[in-house]
Amino acid sequence: MRFLDALLGRTRPVQPNLDALFGVPAAATTLQAALDLVPTGVGAVCFKPAEGQAATQAQTDAVALLTADAAENVAVSQDEYGYTWIASRHESSDLAGLVTDLHAVNSTLADAGYGPSLLCTIIGFVGAADHRRLGLVYLFKRGTFYPFAPTGAHTRDNALELQTRAQLGGELPVETDLDRWFPIWTTPAL
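Residues numbered from 1 in each chain as written. Predicted model: local features only at pLDDT ≥ 70, side-chain atom pairs only at ≥ 80, totals over all residues. Heavy atoms only, no water.

Trainee: Help me understand the packing of aromatic side chains, please; the structure alone is not making it clear to me.
Mentor: Each aromatic ring pair is characterised by the separation of its centres together with the angle its planes make. In the structure shown here, the tally under the stated rule is 4 aromatic pairs. Judged by centre distance (6.1 Å) and plane angle (15 degrees), the rings of Tyr146 and Trp181 are stacked. Of this pair, Tyr146 sits in strand β6 (residues 144–148) while Trp181 sits in the segment after α5 (158–168), and the two are 35 residues apart along the sequence. The burial state of Tyr146 is the same as that of Trp181; both residues are buried. Centroid distance Phe148 to Trp185: 5.2 Å. Interplanar angle 70 degrees. Geometry classified as edge-to-face. With Phe148 in strand β6 and Trp185 in the segment after α5, this pair connects stretches of sequence that are 37 residues apart. Feature note: the residues Tyr138, Phe140 and Phe145 constitute an aromatic cluster, connected by ring pairs. (Phe/Tyr/Trp six-rings, centres within 6.5 Å; stacked < 30°, edge-to-face > 60°. Helix = DSSP H or I, 4+ residues; strand = E, 2+ residues; numbered from the N terminus. Buried < 20%, exposed > 50% of the residue type's maximum accessible area, 1.4 Å probe, protein only.)

Trainee: What exactly am I supposed to notice about the pattern of salt bridges here?
Mentor: Side-chain pairs of opposite charge can arise where the charged atoms are in close proximity. All chains considered together, the criterion is met by 4 salt bridges. Residues Asp177 and Arg180 are paired through a salt bridge, measuring 3.7 Å at the closest nitrogen-oxygen approach. Asp177 sits in the partly exposed class, given a relative accessible area of 30%. With a relative accessible area of 32%, Arg180 lands in the partly exposed category. (Salt bridge = Lys/Arg side-chain N within 4 Å of Asp/Glu carboxyl O.)

Trainee: Mind showing me how you'd approach the packing of helix α2 (residues 24–35) against α5 here?
Mentor: Two packed helices can be described by the angle between their axes and the distance between those axes. Across the interface, α2 lies against α5 with an axial gap of 10 Å and an inter-helix angle of 125 degrees. The angle between α2 and α5 places the two elements in the oblique class. Here the hand of the crossing between α2 and α5 comes out right-handed. Listed contacts from α5 to Ala27, Thr30, Leu31, Ala34 and Leu35 of α2 are Leu160, Gln163, Thr164, Gln167 and Leu168. (Axes fitted to C-alpha atoms, helices over the stretch in contact; angles between N-to-C directions. Parallel < 35°, antiparallel > 145°, perpendicular 65-115°, else oblique. Left-handed = near helix turned anticlockwise from the far one by under 90°. Contact = heavy atoms within 4.5 Å.)

Trainee: Just to check I follow, could you spell out the nonpolar core for this structure?
Mentor: For soluble globular proteins, the rule of thumb is that nonpolar side chains tend to be buried together. Counting residues in each nonpolar core, the largest one holds 51 residues, and the members touching the most others are Val24, Cys120, Ile123, Phe125, Val137 and Phe145. Tallying contributions element by element places helix α4 (residues 95–114) first for this core, with 8 residues. Excluding residues within four positions of it along the chain, Cys120 makes contact with Ala44, Val45, Cys46, Trp85, Val137, Tyr138, Leu139, Phe140 and Ile184. (Core = buried A, V, L, I, M, F, W, Y, C linked by side-chain atoms within 4.5 Å.)

Trainee: What's the story with the environment of Cys120 in this structure? I'm lost.
Mentor: Relative to the assigned elements, Cys120 resides in strand β4 (residues 118–127). Under the relative-accessibility criterion, Cys120 is labelled buried at 1%.

Trainee: So what exactly am I meant to see when it comes to the pairing of strand β1 (residues 37–47) here?
Mentor: Within a regular strand, the side chains alternate between the two sheet faces. Counting buried positions along β1 gives 9 out of 11 residues, so the element sits mostly inside the fold. As defined by bridge partners, β1 adjoins β4 across 8 bridges and the pair is classed as antiparallel. Bridging from a neighbouring strand, Ala44 pairs with Ile122 of β4. The pairing of β1 with strand β3 (residues 84–89) spans 6 bridges and is antiparallel. Within β3, the position partnered with Gly43 by the bridge is Ser88. (Pairing = 2+ DSSP bridges.)

Trainee: Whenever I open this one, α5 confuses me. Can you help?
Mentor: Within α5, burial applies to Leu160, Glu161, Thr164 and Leu168. An end-on view of α5 places all buried positions within 100 degrees of arc, on one side of the element. Along its buried surface, α5 packs onto α2, β1, β5 (133–139) and β6. (Arc of directions from axis to C-beta.)

Take a look at the structure:
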């Protein structure tokens, strides 16, 4: 059947590599040493919501996983494009816990059959001295990370993004196509 799909131009959705997120805590050490960026303790998963009871149940299950621990702050929101965000807030020193929670949300949605609906996961960082903001964005469909550094309503710090790419090149799979470094202005992770 795959030959026929290729011949007719049909494609199958790419399944995300959810385990790539576990490389972020090691990369955070590099970001802190090289660029003085520390984790904020906030991260979010963005996905295109599906219709129906099964989709609603998968989202409810994902949120229930996060709210089981009373020490965590969880928020669900929708942006102006209709994407759903599940954001989690931890102590800034608990990056491994945050990554584990975001992975659990992603896994819950993927296991329920909504893996192709996952858009991205963002983990927030901030400059320890100058309060620059940086989001480390994981694109599920590409299996790569890219930095996003907003400075205002619709402006970004391109120099910081390129410096981050240079520092993380050996730590994480960084997106090489700069055209795919999409601005995500309304993320609750930043």
